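So you can see what is in the structure, the chains are spelled out below.
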Amino acid sequence: MADEPLNARGGDNQDEMAFLYGLLADKADERELDHDEFYFISDEMLRFFNRWQGYDEFIERSCRSQLKKAHEIWRNMPRQWYRQLADEMGRILLMADLLRERGQ
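Predicted model, so just to flag it, every value in this text is computed and none were measured.

Peer 1: Help me understand the packing of aromatic side chains, please; the structure alone is not making it clear to me.
Peer 2: For the structure shown, the criterion picks out 4 aromatic pairs. Ring geometry for Phe38 against Tyr39: centres 4.9 Å apart, planes inclined by 90 degrees, an arrangement best described as edge-to-face. One aromatic cluster is present, built from ring pairs that chain together Tyr21, Phe48, Phe49 and Trp74.

Peer 1: Would you mind going over the nonpolar core with me for this structure?
Peer 2: Generally speaking, nonpolar side chains in soluble globular proteins are found buried as a group. By size, the foremost hydrophobic cluster in this structure holds 13 residues, and its most contacted members are Tyr21, Ile41, Leu46, Phe49, Leu67 and Ala70. Looking at this core, the elements that each hand over two or more residues are α1 (14-30), α3 (43-53) and α4 (66-75). If we skip the residues at most four places from it in the chain, Tyr21 touches Ile41, Phe49, Leu67, Ala70, His71 and Trp74.

Peer 1: Please explain the packing of α3 against α4 as it appears in this structure.
Peer 2: Following both chains from N to C, one finds α3 and α4 inclined at 10 degrees, their axes separated by 10 Å at the closest point. Between α3 and α4, the interaxial angle falls into the category roughly parallel. Facing Asp43, Leu46, Phe49, Asn50, Trp52 and Gln53 of α3, the residues of α4 in contact are Gln66, Lys69, Ala70, Ile73 and Trp74. Class assignment for the residues of the contact of α3 with α4 results in 6 nonpolar, 3 polar and 2 charged.

Peer 1: Would you mind going over the packing of α1 against α4 with me for this structure?
Peer 2: A pair of packed helices is characterised by two quantities: the angle between their axes and the separation of those axes. Running from amino to carboxyl end, α1 crosses α4 at an angle of 155 degrees, the nearest separation of the two axes being 8 Å. Taken together, α1 and α4 sit at an angle that is classed as roughly antiparallel. The handedness of the crossing between α1 and α4 is left-handed. Of the residues in α4, those in contact with Gln14, Met17, Ala18, Tyr21, Gly22, Leu24, Ala25 and Asp29 of α1 are Leu67, Lys68, Ala70, His71, Trp74 and Arg75. Taken together, the residues of the contact of α1 with α4 break down into 8 nonpolar, 3 polar and 3 charged.

Peer 1: Quick question: what am I supposed to make of α3 here?
Peer 2: One full turn of an α-helix is made of 3.6 residues, so residues set three or four places apart face in the same direction. By the burial criterion, the buried members of α3 are Leu46, Phe49, Asn50 and Gln53. Viewed along the axis of α3, the buried residues span an arc of 100 degrees, placing them on a single side of the element. Exposed residues pointing more than 90 degrees away from the buried face of α3 are listed as Glu44 and Arg51. Gly54 occupies a position one or two residues after α3 and carries a positive phi of about 85 degrees.

Peer 1: Honestly, the environment of Glu37 in this entry has me stumped. Any pointers?
Peer 2: With respect to the helices and strands, Glu37 occurs in helix α2 (residues 35-38). Look at Glu37 and you get exposed, because its relative accessible area is 69%. Linking Glu37 and Gln66, residues 29 residues apart in sequence, is a C-alpha distance of 9.8 Å.

What counts as what
Residues numbered from 1 in each chain as written. Predicted model: local features only at pLDDT ≥ 70, side-chain atom pairs only at ≥ 80, totals over all residues. Heavy atoms only, no water. Phe/Tyr/Trp six-rings, centres within 6.5 Å; stacked < 30°, edge-to-face > 60°. Core = buried A, V, L, I, M, F, W, Y, C linked by side-chain atoms within 4.5 Å. Buried < 20%, exposed > 50% of the residue type's maximum accessible area, 1.4 Å probe, protein only. Helix = DSSP H or I, 4+ residues; strand = E, 2+ residues; numbered from the N terminus. Contact = heavy atoms within 4.5 Å. Axes fitted to C-alpha atoms, helices over the stretch in contact; angles between N-to-C directions. Parallel < 35°, antiparallel > 145°, perpendicular 65-115°, else oblique. Nonpolar A, V, L, I, M, F, W, Y, C, P; charged D, E, K, R; others polar. Left-handed = near helix turned anticlockwise from the far one by under 90°. Arc of directions from axis to C-beta.

As far as function goes, none of this settles anything; it's purely spatial.
Here you go:
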C-alpha cells in the first residue's frame, strides 16, 4: 500500500483535502484565530502527508503555520503525477513525429 499512487483504491481525494485545509485557514483568518493554537497539526502528521505525497523534502523550514503547511502539501500534485504526465506527453510527441515522418 505504501508504494501505491494517490487514490489507487478510489478513497483519496487530494483536491478535497487541500480545499478543507485551506478553508480551515481562511476561517481562522476571518475569526482572527491563531492557526497553530486552534488547529493543531503535529510535525509527525505533516511528515506523513509529505511522504504520502512523495516529496523528498519536508517544508518545515517555512515560517507558515502548520495548517498552511498542510494545505500546501495537499494543494500540489505528487511529483510522480508530474513524471507520469511528462512521460505520457513525451510518448505522444514521439508518436506524432514518427507518424508525420511516415506520411500518415
